[in-house]
Amino acid sequence: MVDVEVVNRSGTEFDADEAAAVVRAVLAAEGIDEGEVGLALVGPDESRALKREHLGVDEATDALAFPIDGRDDLPAGLPRQLGDIVLCPAVVGDAWHAPLVHAVLHLVGYDHGEPMEARERVYRR
């Protein structure tokens, strides 16, 4: 099973269980049924600082992905660390599903472009 550790430091209420279920569903559809994912819910200031630090863009953002193992082959017995997702509820509001799916796809190796867009269409609700 994929363990999704959710930390909410955004200062807003958020359905962490539903978000974790979305993460697990996308990963299962991508053929990944074991591993660990961190999901941090942050405020706009932290979102902005992270985007500036890691992408060189000075603006708050909806979601960021920090992949670790992805689909890499791992030695036996080593748990799969898929990576971390940072989601900003103040930026995404109720439309958090698509940015979360987008970030999960980054964790498993998709880059921007048609292959990723095709996978995102599969998960649209």
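Look above for the structure.
What counts and what doesn't
- Residues numbered from 1 in each chain as written.
- Predicted model: local features only at pLDDT ≥ 70, side-chain atom pairs only at ≥ 80, totals over all residues.
- Heavy atoms only, no water.
- Helix = DSSP H or I, 4+ residues; strand = E, 2+ residues; numbered from the N terminus.
- Buried < 20%, exposed > 50% of the residue type's maximum accessible area, 1.4 Å probe, protein only.
- Areas by Shrake-Rupley, 256 points an atom, 1.4 Å probe, with all protein chains shown as cover.
- Core = buried A, V, L, I, M, F, W, Y, C linked by side-chain atoms within 4.5 Å.
- Contact = heavy atoms within 4.5 Å.
- Axes fitted to C-alpha atoms, helices over the stretch in contact; angles between N-to-C directions.
- Parallel < 35°, antiparallel > 145°, perpendicular 65-115°, else oblique.
- Left-handed = near helix turned anticlockwise from the far one by under 90°.
- Nonpolar A, V, L, I, M, F, W, Y, C, P; charged D, E, K, R; others polar.

A. Broad picture of the overall build of the chain. Counting secondary structure elements, the chain contains five helices and four strands. Across the chain, helices and strands are ordered from the amino to the carboxyl terminus as β-α-β-α-β-β-α-α-α. In terms of principal-axis extent, the alpha carbons of the chain reach across some 40 × 30 × 30 Å. Split into buried and exposed, the 125 residues of the chain put 41% on the buried side. Here the chain has roughly 6,900 Å² of accessible surface; of this, 49% comes from carbon and sulfur atoms.

B. Here's a closer look at the nonpolar core. Judged by nonpolar contacts, the single largest core of 29 residues is most densely connected at Leu 27, Val 37, Leu 39, Ile 85, Leu 87, Trp 96 and Leu 100. For this core, the elements supplying multiple residues, two or more each, are strand E1 (2–8), helix H1 (16–29), strand E2 (35–41), strand E4 (81–87) and helix H4 (97–107). The contacts of Leu 39, once residues within four sequence positions are left out, are Val 4, Glu 5, Val 6, Val 7, Ala 19, Ile 85, Leu 87 and Leu 100. Of all hydrophobic cores here, the second largest spans six residues; its members include Ala 40, Val 42, Leu 50 and Val 86.

C. Representation of the packing of H1 against H4 in the model. Two elements in contact, H1 and H4, have axes separated by 10 Å at closest approach and are oriented at 45°. As far as their axial angle goes, H4 and H1 are oblique. H1 and H4 meet at a crossing whose hand is right-handed. Across the interface between the two elements, Ala 19, Val 22, Val 23, Val 26 and Leu 27 from H1 touch His 97, Leu 100, Val 101, Val 104 and Leu 105 from H4. Residue composition of the contact of H1 with H4, grouped by class: nine nonpolar, one polar and no charged.

Spatial relationships are all this shows, so hold off on functional conclusions.
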